[in-house]
Every structure is written in structure tokens, then in C-alpha cells.
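# Architecture and fold: a report
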Amino acid sequence: MRNGYEVIVVGGGHAGVEAAWAAANAIARPCSVALVTADASKIGAMSCNPAIGGLAKGQLVREIDALGGLMGLAADATGILFKVLNTSKGAAVHGPRCQSDNQAYAQTVQKLLAARPEIELIEGMVGEIITEASDAQTPPQIRGVVVESGGHRRTLETENLVLTTGTFMRAMMHTGDQQTEGGRIGESSAVGISATLKEMGFELGRLKTGTPPRLDRTTIDWESLPVQLGDADPVPFSELSPGGWRVGQVVCDRFPLLEQIECRQTTTCEDSHEIIRSNLDRAPMFSGQINSSGPRYCPSIEDKVVRFAERTEHGVFLEPESLGTDWVYCNGIATSLPADIQDELIRAMPGCAHAKILQYGYAVEYDMVSPHQIHASGQTRLVEGLFFAGQINGTSGYEEAAAQGLLCGLNASLKAQGKALVTLARDQAYIGVLMDDLVTKVPKEPYRMFTSRAEYRLILRSDNAPDRLTPMAIELGLLDDHDLGRQRKAHFERRSEFLQRGRGLMKSTMIGEKSIWDRVLNADYSVSDLRESLQMQLVGADDGIWRTLHADRRYEPYIVRQHAEIRRHADLERKPLPEWIDYNEFEALRTETRQALTKFRPSTFGQASRLEGLTPADLTLLSVLVKRARQQRKAQNEQDEAAK
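Residues numbered from 1 in each chain as written. Predicted model: local features only at pLDDT ≥ 70, side-chain atom pairs only at ≥ 80, totals over all residues. Heavy atoms only, no water.

## Focus on the nonpolar core
Ile8, Ile52, Leu113, Val162, Leu197 and Phe388 are the most contacted members of the largest nonpolar core, which totals 108 residues. With 23 residues, the next largest nonpolar core counts Leu215, Leu318, Ile333 and Ile357 among its residues. (Core = buried A, V, L, I, M, F, W, Y, C linked by side-chain atoms within 4.5 Å. Buried < 20%, exposed > 50% of the residue type's maximum accessible area, 1.4 Å probe, protein only.)

This is the structure in C-alpha cells:
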């Protein structure tokens, strides 16, 4: 057994999986990465919603894929209902989503990881993090972890540790007044990590998430409910999946389209709401049993009924979880109400009068680390070589976790190789928006990505993710030494050629007195029209290429403006703030400003500009004070050198 690794990843959820995968891609040496998880059979498990993507989340998955990640591949291989959301609006806010077979998804992720000789899987719980401090002026350095399994303790050595604890740190599950330790049904809580992080000086917080009940499909009056169908032409997440899928017609053997299912829709009703209102004293969120904050944009049904008292119903989507089971996920009614009240609530919904609950909904409270204590690279400020990814940083959702995991795994591997760490800017990727938001804001609730958070969303579309990020993946060596990476690189080169040829054809091909280049600007000229006009000259172009050609031209006047705005702000955005500055010495700044700068320690003036409470006047004064501090430091260093 090995005891030393270039990178160790703790946790087998979506963040941990992408971290291990990215580190393996970048290092590409056998057994260089250890993935430590309590239960290997739960790696890649979809703890809650059996779906990947959605509004803004779909963009994250496409970016993960463009950087060589695995979430898009696993989603495409196991998708049982594909649908692009927001298609009534422009391409910038389209949100690809797929409902996955949750059993097949986890199995696919596990198979992908098992095929990588770089990754060694270790079962056990991390009970201790080992660090070493050289002096009081330098942050301590990660040296390893102690893994406990079956009564045995084993020390694993590393200088680069990625911690992805999900909802398991000091986790407590709530169903009514019943409380059970654990971060997921049937899995225990990770108690030791919280205490260890606290001893290391990290500021911890506590958040809540929840999940709805699961029903037995055979007990639902399925045929009486409205049908919810997916798209007839599924749009895949991964560039390695086929671009011309059709329901009922598999066009690619490598990632065959699974049998596509349909969902049904029901609603809560006034009777349901009265049941909830009459039992709020038994609801942990309202009885005082739970005090932590939950996700505002995915609230529990009891929270919805209280907050939106004027509503007489709330939509509930009944989503089959797998082709191999009768389990149905009730999307829209996350709850921690007692079991008997959940029974009443479900049976009051249309089509569910005789529905049987297979698993009751529950809430989970868990510890997180306030993310102002990390850099935008994912590395912590307090400990060198320690990276946090996923819900430990206060985020919500598989996609947000996976995006952080990929970045942290990449940076841990770069650090292991003595290379500079990578950050993504807000104009480069939704991943950059996510990381920047985390390090400049205090989460009052689990963070969820939205297109409205991205000020440059016209250039951060889901369709152009490979054009934005795959060149970076190639430069960083993420696609060099494994089959999938080489295929991705070849596909990108082919895509780039098609896009270049397509743009030339759009400019040179006339329809009447107008070129296609000009006609695309007409509101009624669709992607289908573009394909029909040029498909004979651009034989072999997949659907994604047509979408990008259309969107790039349609948005071009606005994209030009956004790039001009980015250039105007570039100096401020990238202007660094030295780590050594003591903001408390800048007495000319307002107290509120000094406190915010001291707490968040922004790396650049751009990050500082997004701190709550900082004004343009604060930034102007800060620039003067930093310049003066640099001059004083330089003069002092010169005096010290002269004295020697």
C-alpha cells in the first residue's frame, strides 16, 4: 500500500469526483491521486434531485466538460429525459438539463474513475488533518491525513489536500421531532473534521438543505396527470456525445441514448396547505428545532406555504428516478414535516390519493466553512496546500460542487508540480463568477448559480463553452495523457475548423440581396434556417456548431460592447492587492471598509470593488494608500539592505 500521494481528495460526491479526475488528468502518473471516501458504493450518488443542469447550472456542466471533466459525460450516458430550459428567450440564458437514471449515473461515474490508474480509491473516514508550521509568519503546510477504517488508523502523506465534505460535517437529519446523525439516509456524520478545522482557526457556519419524499409509481394514478415530455432532439452536455440524437433513433454507439421517459405534474392544493398550517408546531423549521438557513430558491413546502400565503397551489413534478425502480422523486415539496403529516400532504395531491411513500422527506443541517477564508483558486488562506470544494464552501447543487471540485483538483495538481495556480475571471466562465462570488460575499444561505449573477452572460453561453475553455485545458495539459482527453482535443480542432468555415460561408453566401451574415440578425431567422441554407456546404457539422454560428452572429453587436466594457475594467479587475497589507493601519478609510477588507482579504481591486459596503470613493482612497504603502515598504527594504 502506498502512503504518499501528490494529491489526496476527501469525499466521493460530485466535488470529490471532479477533483480526483482533474488531478489525474493534470498529473497523469499511476497512483498519484488518492480518493478517500467512507463508502465506495456511494461515489457519484445523486443525493437529492435525479437531474443534472438547468438554468445557469447547465452552463456550469458545459464548462466542466470543456475543461475535461466527467459530469457531462456521465449525464449524457445516463439521461432519461433531456430538455433545454428557457428556449423562449435568447441563447445566452438557455439552460440544458437532463433527468438522469440515478442508479446508472453513480455506476457510470464509478466505472470512469475505476478506469484511471492514476486514482487509488481508499475507504475510510478522515479523522485528523496533519499540518506542519515552519514559523509564525508563514501559514502551516499540509502534510497528510489520518484515515480510520474498521478500527484501524492509517496515515496518508501529501502536501495537497482537497476537502469535499458535502453535507456530512457534524450533520443532523430531521423528520419532525426525530433527529438522526448523518448527512444522507443510511450514512453517518463526519464529526471529527469540524473540530479539526476549528482548531486550525477556521470560522465555521451552519446551513440546511432538504429533500422531498419518494413515492412508489405503481401507487400513483399516473395516467390521470398532465404529461411532461423532454425534447424530441436531446441536446447533450458533452462534446464527446453525439450532436444529432433523436428520440427513438440512436446515432452513436459510444454514448447510446437510453430509453426516454415522461414525467407527470401534480400540485398541492388548499387542503394540503391547511394540513401544513395546522402542523407548523411540528415542523422543525418553525418549532425552533432547526435554526440554520436553507436555500432561498429551493425552499421547503412548509416555507412556501408560509411565505406565499396567497397561493392556493404549488406545482409538483413527479420524476421517475431510474429505469430499474418504481421510485418517483417529488420535485417541489422538500420537507422535514413528520412522517404522518407527509402521508396526508401527499394523498391530498391530485393523482396521489393512494400513493405510498417509499422514503420520507427530511432536512439536513451541516457545518460549512465561511468561504471568505479561501482564495478564488480554492486554496485556503490559513493553510498552504489545503483546498475546499463544494458544500463545505456554502454552495448548493451538484453542478456548483463539481465546478469547484474541478478547479481545486486542477490547482492541487499544479501545486504538486510546482506550477502557478489558476483562477478564472468573471468574463471567462460561470465557474469564475461562482468562485469570485464565494470569496467576496458572506453566504446567508446556500449559494446557487443563476444567469443573473453573470454580468457577461452574452459571452458565457452554454453553446460556446468549448471555445472559451478548451484552449485553456489544452494549455494546462488536462487533455494530454488519456484517451478521452485526446478525443476531446481532436473534436475541438474539428469544431474550430467548422466554425471558421461556417463564418466565411455566412458572409459569402447570398439569399436575395442579403448575405446570410446579415439575415441572421433578423429576429425570425432561426438556427434551423441557418442549417437549411448551408448544410450542403458544411457537411458533417453537428447541432452545437450551428447553434454557436447563429448565436455568435446574433449577439455580435452586444458582444463587441461587452468586450469593450471588459477592457475598460481590466486594469482595476486585475490590479493586485498585496497579501502583506494590514488594512487596520489605513485609518483614512472608513471603519466599515477596513473591516470588510480585513475579513475578505481580496486579491485584486476588482474583488475589493464587489465587497458589500465598499464605495467607488473607498476604492480611490485605497489605491492611494496601497501605492504609498508599497513605496514605504520598498524604502524600508532598501534601508535594510544598506544596513547589511
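## Overview of the sheet that holds strand 9 (residues 152-157)
The sheet built from three strands is open, its strands ordered 7-8-9 with antiparallel pairing. Each edge of the sheet is formed by a strand with only one pairing partner; in this case those strands are strand 7 (125-132) and strand 9. The mean inter-strand angle of the sheet, taken between neighbouring strand axes irrespective of direction, is 25°. In the sheet, strand 7 pairs with strand 8 (residues 141-149) via seven bridges, with the strands oriented antiparallel. Note on strand 8: the bridge partner recorded for Met125 is Glu148. (Pairing = 2+ DSSP bridges. Helix = DSSP H or I, 4+ residues; strand = E, 2+ residues; numbered from the N terminus. Axes fitted to C-alpha atoms, helices over the stretch in contact; angles between N-to-C directions.)

## Topic: the sheet that holds strand 5 (residues 95-100)
The three strands lie next to each other as 3-5-4, forming an open sheet whose pairing is antiparallel. Strands at the two margins of the open sheet, each flanked by one partner only, are strand 3 (51-53) and strand 4 (79-85). When the angles between neighbouring strand axes are averaged without regard to direction, this sheet yields 20°. The sheet contact formed by strand 3 and strand 5 spans three bridges and is antiparallel. Pairing of Ile52 across the sheet is with Cys98, part of strand 5. Of the strands in this sheet, strand 3, strand 4 and strand 5 touch helix 3 (residues 71-78), which is tilted by about 115° from strand 4. (Contact = heavy atoms within 4.5 Å.)

## Observations concerning the packing of helix 15 (residues 527-534) against helix 16 (residues 543-574)
Their axes nearest at 9 Å, the elements helix 15 and helix 16 cross at an angle of 110°. Between helix 15 and helix 16, the crossing angle belongs to the class labelled roughly perpendicular. Every residue of helix 16 that contacts helix 15 at Val527, Leu530, Arg531 and Leu534 is listed here: Asp543, Trp546, Arg547, Leu549 and His550. A per-class count over the contact of helix 15 with helix 16 returns five nonpolar, one polar and three charged. (Parallel < 35°, antiparallel > 145°, perpendicular 65-115°, else oblique. Nonpolar A, V, L, I, M, F, W, Y, C, P; charged D, E, K, R; others polar.)

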